[in-house]
Amino acid sequence: MAVSESEELLPATRFAGFLLDGDDRVLPEAALEEMRTQTAPPSSAGGWGLGIQILERKDRTLFGHGGSMPGFVATLWVSPGDGLGAVALANATAGPVIGEIAADLIEIVASSEPRLPERWKPQPGIGPELLALTGLWYWGPRATVLRVLSPETLELAPVAGPGRTSRFRASGDGTWTGLDGYYAGETLRLVPAAGGVAEYLDIGTFVFTREPYGPGSPLAARPHADGWQPG
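Bear in mind that the values here come from a model prediction, so they are computed numbers and not experimental data.

### Some points on the overall build of the protein
Part 1 of the argument: The helix and strand tally for the protein stands at four helices and 14 strands.
Part 2 of the argument: The burial tally for the protein puts 35% of its 231 residues in the buried class.
Part 3 of the argument: In the protein, of all internal contacts separated by at least 6 residues, the share reaching a separation of at least 24 is 28%.
Part 4 of the argument: Of the roughly 14600 Å² of accessible surface on the protein, a fraction of 57% belongs to carbon and sulfur atoms.

What follows is the structure, given as structure tokens:
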């Protein structure tokens with residue numbers, strides 16, 4: 001089962017949650033990490049940390065413990081890489097391979113319900129005005145993506161495949177200067193629309209808009225009403 005934070009969990013699942021995330025009220029994180037560090041050479045039955053069994057299974061390292069007494073067997077495994085724990089119990093003296101069942105449960109859940117990545121957070125110093133610039137920009141019909149690498153550095157690159165990729169450094173006056181690639185030395189200007197939002201980017205007269213060029217594009221990128229005209 002996936003470990004939750006419910007206060008009504010079985011003691012075994014509470015312990016699984018502790019082995020996954022620790023609890024400073026019980027042991028500091030460093031002590032938990034030491035418990036999960038192998039202290040003896042592994043055998044066919046697995047290895048040992050400090051009071052914790054360690055099982056290398058396929059591409060996962062599982063931590064936990066098994067136990068038994070006449071009429072009862074149990075195993076608990078956790079996989080910190082997946083954020084999952086599993087407990088298997090049986091009213092038996094011998095027979096069911098409980099440890100394998102618990103390990104299989106982790107593998108099944110991890111493959112069927114992959115762990116969600118941590119929520120993205122901007123780097124310190126990257127405010128909403130820079131985040132508003134990120135995403136797709138178009139040069140004609142060609143899609144590019146603008147990324148904020150740091151509070152002082154932008155990168156403009158094709159969405160996919162080869163193409164013109166350049167980084168830009170803040171110049172201190174609201175413009176950005178190309179550092180490398182096709183736009184090295186060129187000035188990137190943000191041309192604002194109503195409300196201060198960038199209507200388009202001007203990079204040495206190359207105009208990048210939020211939508212492919214069309215009748216509703218900014219004047220600098222709008223096709224002539226009668227189509228292409230001779231120069």
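That shown, we press on.
### Points about the pairing of strand β13 (residues 198-203)
Part 1 of the argument: Most of β13 sits out of view: five of its six residues are buried.
Part 2 of the argument: Of the strand pairs in this sheet, strand β12 (residues 187-192) and β13 are connected by five bridges, and their pairing is antiparallel. Bridge assignment links Pro 192 to a residue of β13, and that residue is Ala 198.
Part 3 of the argument: Across four bridges, β13 lies against strand β14 (residues 206-209) in antiparallel orientation. By the bridge assignment for β14, Tyr 200 is matched with Thr 209.
Part 4 of the argument: Turn length for the β13-β14 hairpin, with the two strands adjacent in sequence and antiparallel, is two residues, and the turn residue Gly 204 shows positive phi of about 55°.

### Points about a nonpolar patch on the surface
Part 1 of the argument: Among the surface-exposed residues, Met 69, Phe 72 and Leu 89 lie close enough to one another that they form a single nonpolar patch of about 310 Å² accessible area.
Part 2 of the argument: The topology assignment puts Phe 72 in strand β5 (residues 72-79).

### With respect to the pattern of salt bridges
Part 1 of the argument: Enumeration according to the criterion identifies 11 salt bridges in this entry.
Part 2 of the argument: With a shortest N-O distance of 3.0 Å, Glu 107 and Arg 57 are connected by a salt bridge. Note that Glu 107 is positioned in helix α3 (residues 98-112) and Arg 57 in strand β3 (residues 53-57), a separation of 50 residues in sequence.
Part 3 of the argument: We classify Glu 107 as partly exposed; its relative accessible area is 23%.
Part 4 of the argument: Across the pair Asp 82 and Arg 60 runs a salt bridge whose closest N-O atoms are separated by 2.5 Å. Of this pair, Asp 82 sits in the loop between β5 and β6 (84-90) while Arg 60 sits in strand β4 (residues 60-69); the two residues are 22 residues apart in sequence, bridging distant segments of the chain.

Scoring rules and cut-offs
- Residues numbered from 1 in each chain as written.
- Predicted model: local features only at pLDDT ≥ 70, side-chain atom pairs only at ≥ 80, totals over all residues.
- Heavy atoms only, no water.
- Helix = DSSP H or I, 4+ residues; strand = E, 2+ residues; numbered from the N terminus.
- Buried < 20%, exposed > 50% of the residue type's maximum accessible area, 1.4 Å probe, protein only.
- Contact = heavy atoms within 4.5 Å.
- Areas by Shrake-Rupley, 256 points an atom, 1.4 Å probe, with all protein chains shown as cover.
- Pairing = 2+ DSSP bridges.
- Patch = residues over 30% accessible without salt bridge, like charges linked within 9 Å, V, L, I, M, F, W, Y side chains within 5 Å.
- Salt bridge = Lys/Arg side-chain N within 4 Å of Asp/Glu carboxyl O.

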